[in-house]
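These are the residues of each chain, in order.
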Amino acid sequence: YAEDDFDRWFRRVYQHFGSPKGYEVLPDAATFLDKIPDAYLLGICSNTPNRHSASVLPMLAIHERFKFFACSQDVGHEKPDSQIFEDAFRQAQFWLPDLERDEVLHVGDSLACDFCGARAFGFQALLLDRSGNEKVVAYQDWVQAPDYEGKSAADIENGTVRSLADVVALVEISNADPGAFIRVM
């Protein structure tokens, strides 16, 4: 590409992803945000640029559901590195000062970055398998998954959900046993 062509292409892509047209709240995410009780502390721990929490989430009108944002760009480390989970945990403790690591449920769509990274840090974790959704593209599939105590194929399979609706169901079950997944504020 000539530099002018590249610059024009880059501007178009940047503008597209700087507008609501570049994003959508997936139906199961909308259901999750509608059904999960406000009593649960929700935060985001992400390897995406910090502009997502500053501009994309407000464009989608979902930013007010989240109390904290741990962003790899701000922390200087990406998941599965423990430092980004430490930052998320520290921010969650602002709201729940006596929160313990094993009371946190991290849900994400990357086996290495989300599931194994969170488990290695001491969080509970669920792997959101979005492989059947053509709108979701897996990335960072080269990342080496960290080990954690009890890691096995069976543990990973037992910790895999196919939809955020499954997470809502698990939270509803945990309401009978408060603290089973994440603690109520």
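This text follows the structure it describes.
Treat the numbers as computed from the prediction; the structure is a model and nothing was measured.

Visitor: Please explain the overall build of the chain as it appears in this structure.
Guide: The number of helices and strands found in the chain is 8 helices and 5 strands. Secondary structure of the chain in N-to-C order comes out as α-α-β-α-β-α-α-β-α-β-α-β-α. Its C-alpha atoms give the chain principal-axis dimensions of roughly 60 × 35 × 35 Å. Going through the 185 residues of the chain one by one, you find that 38% of them count as buried. Surface exposure of the chain reaches about 11,000 Å², of which carbon and sulfur atoms provide 53%. In the chain, 17 side chains carry a positive charge and 30 a negative one; their mean positions are 6 Å apart.

Visitor: Whenever I open this one, the environment of Asp-155 confuses me. Can you help?
Guide: Structurally, the position occupied by Asp-155 is in helix α7 (residues 153-158). Beyond its immediate stretch of four places on either side in the chain, Asp-155 contacts Phe-115, Arg-119, Tyr-148 and Gly-150. At a separation of 3.1 Å, a polar atom in the side chain of Asp-155 contacts the side chain of Arg-119. Among the polar contacts listed, one links the side chain of Asp-155 to the side chain of Tyr-148, at a separation of 2.4 Å.

Visitor: How should I be thinking about the side chain of Glu-103 in this particular structure?
Guide: If you trace the backbone, Glu-103 turns up in the loop between α5 (82-95) and β3 (105-108). Polar contacts involving the side chain of Glu-103 include one to the main-chain amide nitrogen of Glu-100, which spans 2.7 Å.

Visitor: Would you mind showing me how to read the sheet that holds strand β5 (residues 160-161) here?
Guide: By way of backbone hydrogen bonds, the strands of a sheet pair with one another, either parallel or antiparallel. A sheet is described by the order of its strands in space; here 3 strands give the open sequence β3-β4-β5, paired in parallel fashion. Two strands bound the open sheet, and with one partner strand each, they are β3 and β5. The sheet contact formed by β3 and strand β4 (residues 124-128) spans 4 bridges and is parallel. In the sheet register, Gly-108 faces β4, and the bridge partner there is Leu-127. Contacts from helix α6 (residues 111-121) reach β3 and β4, with the element oriented near 165° to β4.

Visitor: Would you mind showing me how to read the packing of α5 against α6 here?
Guide: Two packed helices can be described by the angle between their axes and the distance between those axes. The contact between α5 and α6 brings their axes to 10 Å, and the two run at 70°. By the angle between their directions, the pair α5 and α6 is classed as roughly perpendicular. Packed against α5, whose contacting residues are Ser-82, Phe-85, Glu-86 and Phe-89, the element α6 presents Cys-113, Asp-114, Gly-117, Ala-118 and Phe-121 at the interface. Among the residues forming the contact of α5 with α6, the class breakdown is 5 nonpolar, 2 polar and 2 charged.

Calculation rules
Residues numbered from 1 in each chain as written. Predicted model: local features only at pLDDT ≥ 70, side-chain atom pairs only at ≥ 80, totals over all residues. Heavy atoms only, no water. Helix = DSSP H or I, 4+ residues; strand = E, 2+ residues; numbered from the N terminus. Buried < 20%, exposed > 50% of the residue type's maximum accessible area, 1.4 Å probe, protein only. Areas by Shrake-Rupley, 256 points an atom, 1.4 Å probe, with all protein chains shown as cover. Lys, Arg positive; Asp, Glu negative; His and termini not counted. Charge placed at Lys NZ, Arg CZ, Asp CG, Glu CD. Contact = heavy atoms within 4.5 Å. Polar contact = N/O pair within 3.5 Å; in protein donor to acceptor, adjacent residues only side chain to side chain. Pairing = 2+ DSSP bridges. Axes fitted to C-alpha atoms, helices over the stretch in contact; angles between N-to-C directions. Parallel < 35°, antiparallel > 145°, perpendicular 65-115°, else oblique. Nonpolar A, V, L, I, M, F, W, Y, C, P; charged D, E, K, R; others polar.

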